[in-house]
Amino acid sequence: MPRLYVATNGLSVWTSNDLGQTLIRTGTGRGMYSGSQVWALAPRAPATGELLAGTNSGIYCLDRTGTRWTHLPSPMDDQQLVTAIAVSPHNPDVILAGTQPSALYRSDDGGKTWRNLNLPMKPYTNVGFEGAVTAETSQVKHWTRVTQILFDPKDRNLAWAGVEIDSLWRSTDGGERWERVTQGLENDDIHGLAVTHHGGRKLFATTYGGLHTSSDGGASFTLQKVDSPWVYMRSIVERPDGTGVIFMTNGDGPPGSHGRLYRSRDNGAHWEDTRLPGEVESSCYFLAVNATDPNLIFAAATLGQLYRSTDGGETWTGIKRRLSEIRALAWLPD
């Protein structure tokens, strides 16, 4: 059976060896504090069978047996929340990590050493979130954070990072130098990223204000209308069989009271509601796919509901167990 991992905000990582039917919290004795805030999960190179986690106390690596977490020392330790991690598909020694307050760090030796790329990302903002800005609230620091980092699997020079709330950042040299992108983005609150290659590169960016797409590698974007009562979009991922089937999560806000999961069968040109079973009681947030079995897909709503598909996203089953606030999903082959 594949192993499912569910990251939570304050209850560490939960695991399942039976497709989500049974979920067990990682105990402190396994190397990570059981009360950790875990914001990001990223598999290492497939051959290692290891999993990286970004937490409120730094970066951890889970061994291939799924039994022991090891802390990877870095400048981020106990200083910033590690909210995004990505391993280069071109070189598994290259790892990028994003934080709250927003910053990007890079390792070129598989996580042994790290350096701050010192990008001019805004550490905080007092606009762009719910509520009017008043003399009192103008001094409130709404910390920005890196939400996702994405390498282009077809071009080792291209990489992107989304920031909540500081727009999209793009690299054209494999993640060394970065520039802030705003053209065509109607919202600086970037949530999720995906790139597809079907006759040409297409980049997707989900935001607080809807779905945006780019055909020029992320230099500019166009807002795309989706038939939903809500414009709040979160995660987006192509099914890893490369057939142009894409899934995107949606809801009525953070954390929200209602959610939907959308599917496109034509590389994002059109979208349809997958109609998750029962009532989705918060915004649908996270997705987990794996090339080992493209038919097995997991989805999560932010306040603990989990869903599973074993037929490539055609039908979905609600998983009985509910958790606390979910921040990331991943599954690995056994």
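Please read these numbers as outputs of a predicted model, since none were measured by experiment.

Peer 1: How should I be thinking about the overall build of the protein in this particular structure?
Peer 2: When helices and strands are tallied, the protein shows 0 helices and 30 strands. Its C-alpha atoms give the protein a radius of gyration of 18 Å, near enough to 20 Å, the size a compact globule of 334 residues would have. Principal-axis analysis of the C-alpha atoms places the extent of the protein at approximately 45 × 45 × 45 Å. By residue count, 56% of the 334 residues in the protein fall in the buried class. Of the contacts made within the protein by residues no fewer than 6 positions apart, 46% connect residues no fewer than 24 positions apart. If you sum the accessible surface of the protein, you get close to 13,700 Å²; carbon and sulfur atoms cover 47% of it.

Peer 1: Got a minute to help me understand unusual backbone geometry in this structure?
Peer 2: Excluding glycine, a negative phi dihedral is what most residues carry, and trans is how most peptide bonds are arranged. The residue after E164, namely I165, is reached through a cis peptide bond having omega 15°. As for its position among the elements, I165 is in the loop between strand 15 (159-164) and strand 16 (167-171). With an omega dihedral of -10°, the bond running from P254 to P255 counts as a cis peptide bond. By the secondary structure assignment, P255 is in the loop between strand 23 (246-251) and strand 24 (259-264). Positive phi outside glycine occurs at S167, with the angle close to 70°. One non-glycine residue, N267, lies in the positive phi region at around 60°.

Peer 1: For this particular structure, what's the right way to read the pattern of salt bridges?
Peer 2: Where charged atoms from two side chains of opposite charge come close, those side chains can pair. For the structure on display, the rule yields 21 salt bridges. As a salt-bridge pair, R260 and D273 come within 3.6 Å of each other at their nearest N and O atoms. With R260 in strand 24 and D273 in strand 25 (residues 272-273), this residue pair connects regions lying 13 residues apart in the sequence. Overall, D273 belongs to the partly exposed group, its relative accessible area being 21%. Ionic pairing is found between R265 and E314, a salt bridge with its closest N-O pair at 2.8 Å. With R265 in the loop between strand 24 and strand 25 and E314 in the loop between strand 28 (306-309) and strand 29 (317-319), the pair connects residues that are 49 residues apart, well separated along the chain. Judged by relative accessible area, R265 falls into the partly exposed class, the value being 42%. Since its relative accessible area comes to 36%, E314 is described here as partly exposed. A cluster of three or more residues bridged by salt bridges with shared partners is formed by R106, D108, R115 and E176.

Peer 1: Got a minute to help me understand the sheet that holds strand 6 (residues 58-62) in this structure?
Peer 2: Note on sheets: strands pair through backbone hydrogen bonds, and any given pair is parallel or antiparallel. Pairing is antiparallel in the open sheet, where 4 strands are placed in the order 4-5-6-7. The sheet is open, and its two borders are formed by strand 4 (38-43) and strand 7 (69-72), each paired with just one other strand. Neighbour to neighbour, the strand axes of the sheet diverge by 25° on average, direction disregarded.

Peer 1: Is there a simple way to explain the nonpolar core in this structure?
Peer 2: The nonpolar side chains of soluble globular proteins are, as a tendency, buried together. If you look at the biggest cluster of nonpolar residues, it comprises 18 residues, and the most contacted ones within it are V6, L23, F298, L306, I326 and L329. Setting aside anything within four residues of it in sequence, one finds F298 in contact with L4, L19, F286, L287, A288, Y307, R308, W316, I319, L329 and W331.

Peer 1: Please explain the pairing of strand 24 as it appears in this structure.
Peer 2: Here is the key point about a regular strand: its side chains alternate between the two faces of the sheet. Taking burial as the measure, the 6 residues of strand 24 include 5 buried ones, the bulk of the element. Both strand 23 and strand 24 contribute to a ladder of 6 bridges, which runs antiparallel. The residue of strand 24 that forms the bridge with M248 is Y262. Sheet topology note: the strand 24/strand 25 ladder contains 2 bridges and is antiparallel. Note on strand 25: the bridge partner recorded for Y262 is D273.

How each quantity is defined
Residues numbered from 1 in each chain as written. Predicted model: local features only at pLDDT ≥ 70, side-chain atom pairs only at ≥ 80, totals over all residues. Heavy atoms only, no water. Helix = DSSP H or I, 4+ residues; strand = E, 2+ residues; numbered from the N terminus. Rg over C-alpha atoms; globule rule 2.2 N^0.38 Å. Buried < 20%, exposed > 50% of the residue type's maximum accessible area, 1.4 Å probe, protein only. Contact = heavy atoms within 4.5 Å. Areas by Shrake-Rupley, 256 points an atom, 1.4 Å probe, with all protein chains shown as cover. Salt bridge = Lys/Arg side-chain N within 4 Å of Asp/Glu carboxyl O. Pairing = 2+ DSSP bridges. Axes fitted to C-alpha atoms, helices over the stretch in contact; angles between N-to-C directions. Core = buried A, V, L, I, M, F, W, Y, C linked by side-chain atoms within 4.5 Å.

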